[in-house]
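Architecture and fold: a report
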Amino acid sequence: MNLQPIIKKTGLEIIKIEPVGGGDINEAYCLYGPVQKYFLKVNDAARFSGMFKKEGKGLQALQSQCNLVIPKVIECGEVEGKQFLVLEWLEKGAAATNFWIDFGTALAQMHKQSKGFFGFDEDNYIGSLPQINSKHQTWGSFYAECRILPLVKKFNDTNLFSSSDINHAENFCKKIDEIFPAEPASLLHGDLWGGNYMIVQNGSAAIYDPAVYYGHREMDLGMTLLFGGFSTPFYDAYNRAYPLEKNWRQRIPYTQLYPLLVHAILFGGHYIQSAREILMEF
């Protein structure tokens, strides 16, 4: 790919470019300036409209309300049919002695940042999938109308879910406010799995690639447990800093239902059955 139009648009002085891993959907590069490096992500502007602009806003929202390391947004824009996002480059490091304790405590503090609604100021993306963030006054209505039902409809349209599956999903949505304890809407990363954090040079945690919104805080914790889980001291420290409601681990499958549906739509396979098994309870 010819990156020169993008480099020119950023106004940065770049002396070297190297491709790096950028996930499933983006092309990614390390840009070398005279005194510092930058992380560049590139994608098609039409296919994923506004993706990087929305990601940048999510990162800035986290940065303003969080003690974790969040990469700074350097530049975001579009040129010649491509969209791009330039971020501060984060160097990898070794975990500090209290890495997991500090990580869990910082996430708890971030979750204490609240709004008077569930949702966000605009829609964004989770991975390559559009994410609806219309404002709601209750977690039940938000989780049903902005998360579960829109994705279940996609399955219905493609005949991947039966009418019985749809009924189970609708029954689940009617019971959300009974299942989840009533809590203020928390500022969420929204996609906090093991691939979206790293240990930086000072030994602390950095988080990135967010799908930010204000929602029930157990959603972030459920996501951390979806693909293996974080270290036990992380959860213990979180619980000390912002005690979780009773039986929170029993609700984990219901928090994981949304990311499982997302993965089912994007990747199919066993994710469809995993989502179906959770819904069959209802």
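None of these values were measured; they are calculated from a predicted model. (Residues numbered from 1 in each chain as written. Predicted model: local features only at pLDDT ≥ 70, side-chain atom pairs only at ≥ 80, totals over all residues. Heavy atoms only, no water.)

1. A short note on the packing of aromatic side chains
As a reminder of what qualifies: Only rings of Phe, Tyr and Trp enter the pairing, Trp through its six-membered ring, and a pair is recorded when the two centres are within 6.5 Å. The plane angle decides the type: under 30 degrees is stacked, over 60 is edge-to-face, the rest tilted. Comment: elements are numbered from the N terminus, with helices defined as DSSP H or I runs of at least four residues and strands as E runs of at least two. Burial here depends on accessible area, computed with a 1.4 Å probe over protein chains only, as a share of the maximum for the residue type. Under 20% is buried, over 50% is exposed, and the range in between is partly exposed.
Summed over all chains, the structure comprises 31 aromatic pairs. Note on Trp-139 and Tyr-143: the rings are 4.8 Å apart at their centroids and 15° apart in plane angle, and the pair reads as stacked. Of the two residues, Trp-139 and Tyr-143 are both situated in helix H4 (residues 139-157); the distance of four residues between them amounts to about one turn of the helix. Taking the relative accessible area as the measure of exposure, Trp-139 reaches 4% and is therefore buried. Overall, the relative accessible area of 0% leaves Tyr-143 in the buried class. Feature note: the residues Phe-118, Trp-139, Phe-142, Tyr-143, Phe-172, Phe-180, Tyr-213, Tyr-254 and Phe-282 constitute an aromatic cluster, connected by ring pairs.

2. Here we look at the packing of H4 against helix H9 (residues 252-267)
Our working definition: Only the contacting stretch of a helix is used when fitting its axis, a line to C-alpha atoms as for every element, and angles between N-to-C directions run 0 to 180 degrees. Crossing handedness is defined as follows: a turn of the near helix away from the far one that is anticlockwise and smaller than a right angle gives a left-handed crossing, while the clockwise case is right-handed. Throughout, a contact is declared for two residues whenever any of their heavy atoms are within 4.5 Å.
It is at 10 Å that the axes of H4 and H9 come closest, and there the two elements cross at 35°. Judged by the sense of rotation from one axis to the other, the crossing of H4 with H9 is left-handed. Two secondary-structure elements touch here, H4 through Tyr-143, Arg-147, Ile-148, Leu-151, Val-152, Lys-154 and Phe-155 and H9 through Tyr-254, Thr-255, Leu-257, Tyr-258, Leu-261, Val-262, Ala-264 and Ile-265.

3. A closer look at the pattern of salt bridges
Just so we agree on the cut-off: Criterion for a salt bridge: a side-chain nitrogen of Lys or Arg within 4 Å of a carboxyl oxygen of Asp or Glu.
Throughout the structure, instances matching the rule amount to ten salt bridges. In this structure, Arg-276 engages Asp-165 in a salt bridge whose closest nitrogen and oxygen atoms are separated by 3.0 Å. Pair noted here: Arg-276 is in helix H10 (residues 270-279) and Asp-165 is in helix H5 (residues 163-174), with a separation of 111 residues, a long-range link. In this structure, Arg-276 and Asp-165 share a single accessibility class: buried. The salt bridge partner of Glu-218 is Arg-251, with a shortest N-O separation of 2.8 Å. Placement of Glu-218 in helix H7 (residues 218-224) and of Arg-251 in the loop between helix H8 (232-241) and H9 is noted, with a sequence separation of 33 residues between them. Overall, Glu-218 belongs to the buried group, its relative accessible area being 1%. Overlapping salt bridges, with partners in common, bring together Lys-41, Glu-55 and Asp-209 in one network.

4. Examining the nonpolar core
What counts here: Put simply, buried Ala, Val, Leu, Ile, Met, Phe, Trp, Tyr and Cys residues joined by side-chain atoms within 4.5 Å make one nonpolar core.
If you look at the biggest cluster of nonpolar residues, it comprises 78 residues, and the most contacted ones within it are Phe-103, Trp-139, Tyr-143, Ile-148, Phe-172, Leu-257 and Leu-261. In this structure Leu-261 touches Ile-148, Leu-151, Val-152, Phe-155, Phe-161 and Ala-275, once residues within four positions along its chain are discounted. Counting twelve residues, the second largest nonpolar core, distinct from the first, contains Leu-3, Tyr-29, Val-42 and Val-79.

5. Some details on the sheet that holds strand E5 (residues 82-88)
Inclusion rule: Between any two strands, pairing holds if DSSP finds at least two bridges.
Spatial strand order, E1-E2-E3-E5-E4: five strands in an open sheet with antiparallel pairing. Edge positions in the open sheet fall to strand E1 (16-20) and strand E4 (73-79), since each of these has one partner strand only. In this sheet, adjacent strand axes meet at a mean angle of 25° when their direction is disregarded. Here five bridges tie E1 to strand E2 (residues 27-32), and the two strands are oriented antiparallel to one another. Along E2, the bridge assignment pairs Val-20 with Ala-28. Running at roughly 25° to E5, helix H2 (residues 51-65) makes contact with strand E3 (37-44), E4 and E5 of the sheet.

6. Describing the environment of Leu-40
With respect to the helices, strands and loops of the structure, Leu-40 is situated in strand E3. Between the alpha carbons of Leu-40 and Pro-19 there is a distance of 9.2 Å; along the sequence they are 21 residues apart. The residues contacting Leu-40, other than those within four sequence positions of it, are Leu-3, Ile-6, Glu-27, Ala-28, Tyr-29, Leu-31, Phe-84, Leu-85 and Val-86.

7. Description of the sheet that holds strand E6 (residues 114-115)
Spatially, the three strands line up as an open sheet ordered E6-E9-E12, and their pairing is antiparallel. Two strands close off the open sheet at either side, each with one partner strand: E6 and strand E12 (213-215). Inspection of the sheet shows E6 paired to strand E9 (residues 185-188) by two bridges, in the antiparallel sense. The residue bridging Lys-115 from the neighbouring strand is Ala-185, located in E9.

8. Section: the pairing of E3
Most of E3 sits out of view: six of its eight residues are buried. When E2 meets E3, the two strands line up antiparallel, connected through six bridges. Paired with Glu-27 across the two strands is Val-42, which belongs to E3. In textbook terms, the turn of a hairpin is the stretch between consecutive antiparallel strands, and for E2 and E3 this stretch comprises four residues. Pairing between E3 and E5: seven bridges, direction antiparallel. The residue of E5 that forms the bridge with Leu-40 is Val-86.

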